[in-house]
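Spelled out from the first residue to the last, the chains are:
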Amino acid sequence: MTETLSTPAPLGAPPPRETLLEVRNLRTSFQVLDGIVPAVDGISFSLGRGQTLGIVGESGSGKSVTAMTVMRLIDIPPGVIGEGSEVWFDGRELLSLPLREMRRIRGNEIAMIFQEPLTSLNPVLTIGDQIAEQVELHLKVRKKEAWERSIEAIKLVGIPSPERRVKQYPHEMSGGMRQRVMIAMALSCEPKLLIADEPTTALDVTIQAQILELLKTIQQRTGSALMLITHDLGVVAEMVDNVVVMYTGQIVEQGTVEQVLLEPRAPYTMGLIESIPTVEKRGGRLSVISGVVPSPFNLPPACRFEPRCPYRWDRCRRVEPDLYPAGPVQVARCHLHTPEGEGRRQAALETHRANMTAGRAFGKSR
């Protein structure tokens, strides 16, 4: 990555001290042979100290690119950070920092758990060496103390016989063990912010539950903030305080976890929740979101969800929607929340409620 980014000095003032992370108008794109791919397009959100934020969306919605941009792990070029993008962390604007200073923050104050632990861990170094290297680099301690902290970190995440495990290589461990090692490595320097990118991918249900419970317990113990990236709404319901729903690089809904999951206001979020199997839907046909995610080279001219939306109307094809208020602290990117869409909004909400109980009558009649 280049030493400095081609972005101007921050335009806004730092966020309040109780806000640990604040992303403002973040735009990340990639220059490829066929043109420019807008991976993240003007998103804004914040995360308080000790809180948990969930970022949800289909594959290709921009979730991981958002995290990689916050960590300054996007190669430039081909990556391009748009003008006006700001990422504030603990009172500092990260995108304008020299790379040398960013390296002191990355892995120390902000740590990330990646999707695939086997590809993220070095296959020719032991687990203990990899954790100790990070501790030595950021905490400036001797090798013996760094090794002892590696053992403590392995013990903290519930791996038995930590003194023996630190001498093993990644391929000698199961998938669940490797994921615990990634969590141990991320927590070894006691970061203020932990970013977990699909931390339970490719793990069976039992191990998933253990990993999620581990993250929750460690967060409560250390007081760190957690940004959880996932496509699993069940994980979101169990883990987070606030939710950001993304689609084709944009935020389509944002609010508390109770608001977004129990009273969704964006048609895309409604579709995601309606597709979840529940007891009420037993015996009925599950709802699906029609169509596929559009190509980033051929996005719809106005609303990007319009071709797949069951509630679309003429305005959706002509005018790009903003994030409109949809509740006390809830926003949704949909024209249903404009004065012109009020009548359609009520009809959409009634349809959503009916879809959430589809199959109930059929199940009772059997």
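You'll find the structure just up there.
A brief report on the enclosed structure follows. Only a predicted model underlies this, so the values are computations on that prediction, with no experimental measurement involved.

Focus on the overall build of the chain
Right, so step 1: Assigned secondary structure in the chain consists of 14 helices and 13 strands.
Right, so step 2: Computed over its C-alpha atoms, the radius of gyration of the chain comes to 22 Å, within 12% of the 21 Å expected for a compact globule of 366 residues.
Right, so step 3: A burial count over the chain gives 52% of its 366 residues as buried.
Right, so step 4: The contacts of the chain with a sequence gap of at least 6 include a subset with a gap of at least 24, amounting to 65%.
Right, so step 5: For the chain, the accessible area works out to roughly 17,600 Å², and carbon and sulfur atoms hold 52% of it.
Right, so step 6: Averaging the locations of the 42 positively and 42 negatively charged side chains of the chain gives two centres separated by 3 Å.

With respect to the pairing of strand S10 (residues 242–247)
Right, so step 1: In terms of burial, S10 is a largely internal element, 5 of the 6 residues being buried.
Right, so step 2: By the bridge criterion, 4 bridges tie strand S3 (residues 52–56) to S10 in an arrangement that is parallel. Across the sheet, isoleucine 55 pairs through a bridge with valine 244, a residue of S10.
Right, so step 3: The hairpin formed by S10 and strand S11 (residues 250–256) contains 2 residues between the paired strands, and threonine 248 there has a positive phi angle of roughly 45°.

Some thoughts on the environment of proline 307
Right, so step 1: Assignment of secondary structure puts proline 307 in the loop between helix H11 (267–274) and helix H12 (314–318).
Right, so step 2: Taking the C-alpha atoms as reference points, proline 307 and proline 294, separated by 13 residues in sequence, lie 8.8 Å from one another.

Considering the packing of helix H4 (residues 127–139) against helix H7 (residues 175–187)
Right, so step 1: Relative to each other, H4 and H7 sit at 20°, their axes nearing to 9 Å. When the interaxial angle is binned, H4 and H7 end up roughly parallel. Crossing handedness for the pair H4 and H7: right-handed. Counted together, Ile127, Gln130, Ile131 and Gln134 of H4 and Val181, Ala184 and Met185 of H7 form the full contact between these two elements.

What counts and how
- Residues numbered from 1 in each chain as written.
- Predicted model: local features only at pLDDT ≥ 70, side-chain atom pairs only at ≥ 80, totals over all residues.
- Heavy atoms only, no water.
- Helix = DSSP H or I, 4+ residues; strand = E, 2+ residues; numbered from the N terminus.
- Rg over C-alpha atoms; globule rule 2.2 N^0.38 Å.
- Buried < 20%, exposed > 50% of the residue type's maximum accessible area, 1.4 Å probe, protein only.
- Contact = heavy atoms within 4.5 Å.
- Areas by Shrake-Rupley, 256 points an atom, 1.4 Å probe, with all protein chains shown as cover.
- Lys, Arg positive; Asp, Glu negative; His and termini not counted.
- Charge placed at Lys NZ, Arg CZ, Asp CG, Glu CD.
- Pairing = 2+ DSSP bridges.
- Axes fitted to C-alpha atoms, helices over the stretch in contact; angles between N-to-C directions.
- Parallel < 35°, antiparallel > 145°, perpendicular 65-115°, else oblique.
- Left-handed = near helix turned anticlockwise from the far one by under 90°.

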